[in-house]
Amino acid sequence: MASIRARSQRSLNVWPGYVDALATLLLAVVFLLTVFVVGQFFLSQELTGRDAVLNRLNRQIADLTDLLALERSGRRAQEEAAAGLRNTLTATEAERDRLRALADASEAAQGKSADVDAQLAAERGATQRAQNQVELLNEQIRALRRQLAALEDALAASEARDRESQARIAELGSRLNVALAQRVQELARYRSDFFGRLRQIIGSRTDVRIVGDRFVLQSEVLFAAGSAALKPEAGPELDRIAGAILDIAKEIPADIPWVLRVDGHTDARPIQSAQFPSNWALSAARAIAVVQYLRTKGIPPQRLLAGAFGEFQPLDSGTSEDAYARNRRIEMKLTER
């Protein structure tokens, strides 16, 4: 009887160890969730800061562009004023030369006889007046030259500011390109995550594959021959794809203009019916059918894009049934709007 009671006590003493192990595991899970939430918070703060910098750079570029236009307008006005002053200077110098010639002619007349003294006196008066006018014109010429020099200095300063503005615009454009490149890299990372999840979903299937940056489904998986109505068995395939897209969409920042592009392709054999007058119409109808189905699964319509290529983008240029089957397909691509 004592041995039975001892074995019972030993079996009951195991439970505290289980409780401690479960508590430790729960603390570890809580710690990991806390680290994930904090990381997400800092990542969102960093992306918000980058958006603010990008908007500020755009405003600075717009302000500098307006300033550059004003500087160029002012420089044109100054150049026109300088041209007018040069023309005035040329006319003034011509008038001065004419008056000097007149004065020289008057002085030459002084050597004539006394009977022309009165005429000479009049000529001397005219010569004096001409000389006074010449002095006045010389003063005006000097003033015009000073104005011309001031205008040339202003033009040089305007050109220097123009060069400085161009350099700042180039610098801001470079920074803007860097910011845009970072956005493209972010979208490429989310695209890589999307295709990674799709690879896990499709496994080793041959009728669904990933080619480069596109996810390719053979038309036979989704549609009957010559039809744009989705098969009943197409639902699970598209549901898995929609689930992967919705998971990735939660991680992509709202300000990245991403879309899921759905392209329809047919083979080269012509089709002509009342419903589909061409392969283009058939490929467009199939792409729209897939887009409408994905919308019913919760994907926002502004994130969906339907395209149609008909038979004009074949994967295989052959004319065998296998080649035709490869070319009949629906392609999906996560890209920018």
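Every chain is numbered independently, its residues counted from 1 as its sequence is written. Reporting of local features is limited, given that this is a predicted model, to residues whose pLDDT is at least 70; pairs of side-chain atoms are given and counted only at 80 or more, and all residues count toward the totals for whole chains, interfaces and linings. To get the side-chain values, all heavy atoms of the structure are used, and hydrogens and water are removed first.

**Remarks on the overall build of the protein chain**
Then comes step 1: Under the scheme used here, helices are H or I runs from DSSP no shorter than 4 residues and strands are E runs no shorter than 2 residues, and both carry numbers assigned from the N terminus. Within the protein chain, the regular secondary structure consists of 7 helices and 5 strands.
Then comes step 2: Each helix and strand of the protein chain, placed in order from N terminus to C terminus, yields the pattern α-α-α-β-β-α-α-β-α-β-α-β.
Then comes step 3: Residues are treated as being in contact if the distance between any of their heavy atoms lies within 4.5 Å. The contacts of the protein chain with a sequence gap of at least 6 include a subset with a gap of at least 24, amounting to 75%.
Then comes step 4: Split by element, the accessible area of the protein chain, about 20800 Å² in all, is 57% carbon and sulfur. The accessible surface values rely on the Shrake-Rupley method and a 1.4 Å probe; as for residues, cover is taken only from the protein chains in view.

**Details of the packing of aromatic side chains**
Then comes step 1: Only Phe, Tyr and Trp rings are paired, with Trp represented by its six-membered ring, and only when their centres lie within 6.5 Å; those with planes under 30 degrees apart are stacked, over 60 edge-to-face, the remainder tilted. In this structure the tally under the stated criterion is 2 aromatic pairs.
Then comes step 2: Considering the side-chain rings of F41 and F42, the 5.7 Å spacing of their centres and the 70° angle between planes classify their relative orientation as edge-to-face.
Then comes step 3: Burial here depends on accessible area, computed with a 1.4 Å probe over protein chains only, as a share of the maximum for the residue type. Under 20% is buried, over 50% is exposed, and the range in between is partly exposed. Taking relative accessible area as the criterion, F41 reaches 48% and is therefore assigned partly exposed.

**Details of the pairing of strand β4 (residues 304-310)**
Then comes step 1: For two strands to pair, DSSP has to find at least two bridges joining them. Note that strand β3 (residues 258-265) and β4 share 6 bridges and pair parallel. Note that in β4 the partner of L260 across the bridge is L304.
Then comes step 2: Whether a crossover is right-handed comes down to one check: with the strands pointing away from the viewer, does the path from the first strand over the helix to the second run clockwise; if it does, it is right-handed. Read as a crossover between parallel neighbours, the route from β3 over helix α6 (residues 279-296) to β4 is right-handed.

**Thoughts on the UniProt feature "transmembrane region" (unreviewed entry) in the protein chain**
Then comes step 1: UniProt positions are given in the numbering used here, feature names are shortened, and annotations may be inferred rather than shown by experiment. In this numbering, the UniProt entry assigns the feature "transmembrane region" (unreviewed entry) to residues 21-43.
Then comes step 2: With 100% helix and 0% strand, residues 21-43 has end C-alpha atoms that lie 33 Å from one another.

**Some words on the side chain of N327**
Then comes step 1: Turning to its location among the elements, N327 is positioned in helix α7 (residues 321-327).
Then comes step 2: Relative accessible area serves as the criterion here: at 3%, N327 is assigned to the buried category.
Then comes step 3: For this analysis, a polar contact is any N or O atom pair within 3.5 Å, provided that within protein one partner can donate a hydrogen and the other can accept it, and provided that sequence-adjacent residues contribute only side-chain to side-chain pairs. A distance of 2.8 Å separates a polar atom in the side chain of N327 from the backbone oxygen of D316.
Then comes step 4: Contacts of N327, omitting those with residues within four sequence positions, involve H265, T266, D267, P314, L315 and D316.

**Regarding the pairing of strand β2 (residues 214-218)**
Along any regular strand the residues' side chains alternate between the sheet's two faces.
Then comes step 1: Within β2, 4 of the 5 residues are buried, which leaves the element mostly enclosed by the surrounding structure.
Then comes step 2: Where β2 and strand β5 (residues 329-336) come together, 4 bridges link them in antiparallel fashion. For Q218, the partnering residue across the bridge sits in β5 and is R329.

**Things to note about the nonpolar core**
As a rule of thumb, nonpolar side chains are buried together in soluble globular proteins.
Then comes step 1: Throughout this description, the term nonpolar core refers to a set of buried Ala, Val, Leu, Ile, Met, Phe, Trp, Tyr and Cys residues connected via side-chain atoms within 4.5 Å. Among the nonpolar cores identified, the biggest contains 28 residues, and L222, V262, V290, L294 and M332 are the most heavily contacted of them.
Then comes step 2: Listing elements by their share of this core, those giving two or more residues are β2, α4 (219-222), α5 (234-251), β3, α6 and β5.
Then comes step 3: Not counting residues up to four positions away in its chain, the partners in contact with V262 are A287, V290, V291, L294, L305, A306, G307, I330, E331 and M332.

**A closer look at α6**
Then comes step 1: Over its 18 residues, α6 extends 26 Å from the first C-alpha to the last, a length consistent with the 26 Å expected when each residue adds 1.5 Å.
Then comes step 2: Here α6 has its buried residues at N279, L282, S283, R286, A287, A289, V290, V291, Y293 and L294.
Then comes step 3: Summarising the contacts, the buried residues of α6 are in contact with α4, α5, β3, β4 and β5.
Then comes step 4: In the segment just after α6, G298 is the residue with positive phi, at about 105°. To estimate how far a helix should reach, multiply one less than its number of residues by 1.5 Å.

**A look at the packing of α5 against α6**
Then comes step 1: Axis definition: a line fit to C-alpha positions, over the contact stretch in the case of helices; interaxial angles, taken between N-to-C directions, run 0 to 180 degrees. Packing of α5 against α6 brings their axes to within 10 Å, and their N-to-C directions diverge by 65°. The handedness of the crossing between α5 and α6 is right-handed. Residues G235, L238, D239 and A242 of α5 pack against V290, Y293 and L294 of α6.
Then comes step 2: Here the contact of α5 with α6 is composed, by residue class, of 5 nonpolar, 1 polar and 1 charged. Handedness of a crossing is defined here by the sense of rotation of the near helix relative to the far one, left-handed for an anticlockwise turn of less than a right angle and right-handed for a clockwise turn. All amino acids are sorted into three groups, where Ala, Val, Leu, Ile, Met, Phe, Trp, Tyr, Cys and Pro are nonpolar, Asp, Glu, Lys and Arg are charged, and the leftover types, Gly among them, are polar.

**Focus: α5**
Then comes step 1: Over its 18 residues, α5 runs 27 Å from end to end, which matches the ideal 26 Å to within 8%, given 1.5 Å per residue.
Then comes step 2: Residues of α5 that are buried: A234, G235, E237, L238, I241, A242, A244, I245 and I248.

**What about a nonpolar patch on the surface?**
Then comes step 1: Think of a patch as exposed residues, more than 30% relative accessible area, with no salt bridge, where like charges cluster within 9 Å and nonpolar side chains (Val, Leu, Ile, Met, Phe, Trp, Tyr) cluster within 5 Å. Take a side-chain nitrogen of Lys or Arg and a carboxyl oxygen of Asp or Glu: if they are within 4 Å of each other, that pair is a salt bridge. Residues L22, L25, V29 and L33 make up a contiguous nonpolar surface patch of roughly 400 Å² in combined accessible area.
Then comes step 2: Secondary-structure assignment places L22 in helix α2 (residues 15-108).

**Overview of the pattern of salt bridges**
Working definition: two side chains of opposite charge can pair if their charged atoms are close together.
Then comes step 1: Tallied over the entire structure, the rule returns 15 salt bridges.
Then comes step 2: Residue R328 pairs with E220 through a salt bridge whose shortest N-O separation is 2.6 Å. Taken as a pair, R328 in the loop between α7 and β5 and E220 in helix α4 lie far apart in primary sequence, 108 residues in all.
Then comes step 3: Bridged by salt links that share partners, the residues E220, D267, R269, E321 and R328 form one connected network.

**Here we look at the environment of E220**
Then comes step 1: On the accessibility criterion, E220 (34% relative accessible area) is partly exposed.
Then comes step 2: The contacts of E220, once residues within four sequence positions are left out, are K231, A325 and R328.

**Quick look at the side chain of T266**
Then comes step 1: Mapped onto the elements, T266 comes out in the loop between β3 and α6.
Then comes step 2: Among the residues examined, T266 registers a relative accessible area of 4% and is labelled buried.
Then comes step 3: Setting aside its immediate chain neighbours within four residues, T266 contacts N279, L282, S283, G310, E311, N327 and R328.

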